[in-house]
Amino acid sequence: MKIAIIGGGAVGLLFASFLQEENDVILYTRSEDQSERIRTNGLVRKNGEESVCIPINVQPISKWDTTGIELVILCVKEYMLNDLVKDLNFPANLPLLFVQNGMGHLSLLKKINTRSLFIGSVEHGALKVNNHTVSHTGIGVTKLAIFQTVEGDRWILDELILQSIKNFPVQFEQDYMVMLTKKLVVNAVINPLTAILGVTNGSLLTNNYYQMVFEQLFNEVCLALGIDRHTYYENLVRVCKNTAKNESSMLKDVKNDRRTEIDTILGYVLEEAQRKDIKVPLTLAFYHCIKGKEIKEEGM
Ligand code: PAF
């Protein structure tokens, strides 16, 4: 399948490196500099001591071209999607797959005039080492669900699932809302806590004190979202263990002075709580802590 992947961050590089094994991938990066580095060095994927170098077709996004493309995977942060969708031309018959954290992109999807929209939920641990290298720090699953589609485009999901690329399993989920809620709970608990405490995901379970806060925040999130504790707790713990050595994307954003995804994650939980008139003091406090970290203090 001919796939265009937009985004040269950890998830974009990870997806490009694996999907290139069975498909014809073109990776679009924001900068010409990153494209040039990948062209020169190849795309390198590390897993512990092992390292593979994958030759890949890469272009800066300024050269966007959909000729022959059968699927576009958008691997940029949720807050970049609006501009991207406005600036790029996506023909209405070209299927799009969105793999953002949180729930913020759902309102945008409702406005896109494309016949097939798919949603993905990524449970891998991935770290962008440099512009052409990604480290696969936790082997997880990519879950795919349909937001809207036509019968003729269903083969795209089937093909991604059947490709069975080693260490890159892809699974179909019936209900995109259940799938996104599971991932939201994971991100709502793991991401802010790891970013505030400055620890890898696994510490939230191995440090008894952190684990107490982990559970308290989890309980509040379930209350705000009106979901059953049991199913979601199992899933949260499973992802946390699978990505134990990983630094969450929010911790990496905070460390690198980048904007975080807190609005699409805890911001969404707060909106839900407000809608139901439920008090969620921990969620509000952690939301403010991360918003505070996004502000660069001058003269410090
Ligand atoms: O945002 C992240 O870092 C990831 O979604 C996850 C699964 C929590 C792993 O760190």
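Heads up: these notes are all about the structure in this document. Remember, it's a predicted structure, so these values are computed and weren't measured experimentally. (Residues numbered from 1 in each chain as written. Predicted model: local features only at pLDDT ≥ 70, side-chain atom pairs only at ≥ 80, totals over all residues. Heavy atoms only, no water.)

It is worth spelling out helix α3 (residues 78–87) at this point. Along α3, the residues classified as buried are Glu78, Leu81, Leu84 and Val85. Along the long axis of α3, the arc covered by the buried residues comes to 95°, so they all point the same way. Every exposed residue of α3 that faces more than 90 degrees away from the buried side is listed here: Lys86 and Asp87. (Buried < 20%, exposed > 50% of the residue type's maximum accessible area, 1.4 Å probe, protein only. Helix = DSSP H or I, 4+ residues; strand = E, 2+ residues; numbered from the N terminus. Arc of directions from axis to C-beta.)

A word on the packing of aromatic side chains. Per the stated rule, a full pass over the model turns up 7 aromatic pairs. Seen from their ring centres, Phe15 and Phe168 are 5.1 Å apart, and the 90° between their planes marks the pair as edge-to-face. With Phe15 in helix α1 (residues 10–19) and Phe168 in the loop between α5 (154–162) and β12 (170–172), this residue pair connects regions lying 153 residues apart in the sequence. For Phe15, a relative accessible area of 2% translates into the label buried. By the ring-pair criterion, three or more aromatic residues cluster together here, those being Phe15, Phe18 and Phe168. (Phe/Tyr/Trp six-rings, centres within 6.5 Å; stacked < 30°, edge-to-face > 60°.)

With that settled, consider the site of the ligand. The local shell around the ligand consists of Asn101, Lys183, Asn187, Asn191, Asn201, Val239, Thr243, Asn246, Ser248 and Ser249. Between the ligand and the protein, one listed contact pairs an oxygen atom with a side-chain N or O atom of Asn187 at 3.1 Å. Contacts to the ligand include Asn191, whose side-chain N or O atom sits 3.1 Å from an oxygen atom. For the ligand, the protein covers 95% of the area, taking 280 Å² as the surface of the free molecule. (Near = heavy atom within 4 Å. Polar contact = N/O pair within 3.5 Å; in protein donor to acceptor, adjacent residues only side chain to side chain. Areas by Shrake-Rupley, 256 points an atom, 1.4 Å probe, with all protein chains shown as cover.)

Bringing the packing of helix α11 (residues 262–275) against helix α12 (residues 281–294) into the picture now. Between α11 and α12, the shortest axis-to-axis distance is 10 Å and the interhelical angle comes to 155°. On the basis of their axis angle, the class for α11 and α12 is roughly antiparallel. Crossing geometry of α11 relative to α12 is assigned as left-handed. For the pair α11 and α12, the contacting residues are Ile262, Asp263, Leu266, Gly267, Val269 and Leu270 in the first and Thr283, Leu284, Phe286, Tyr287, Ile290, Lys291 and Glu294 in the second. Partitioned by chemical class, the residues of the contact of α11 with α12 number 8 nonpolar, 2 polar and 3 charged. (Axes fitted to C-alpha atoms, helices over the stretch in contact; angles between N-to-C directions. Parallel < 35°, antiparallel > 145°, perpendicular 65-115°, else oblique. Left-handed = near helix turned anticlockwise from the far one by under 90°. Contact = heavy atoms within 4.5 Å. Nonpolar A, V, L, I, M, F, W, Y, C, P; charged D, E, K, R; others polar.)

Interpretation note: all reported values are geometric properties and have no functional meaning in isolation.
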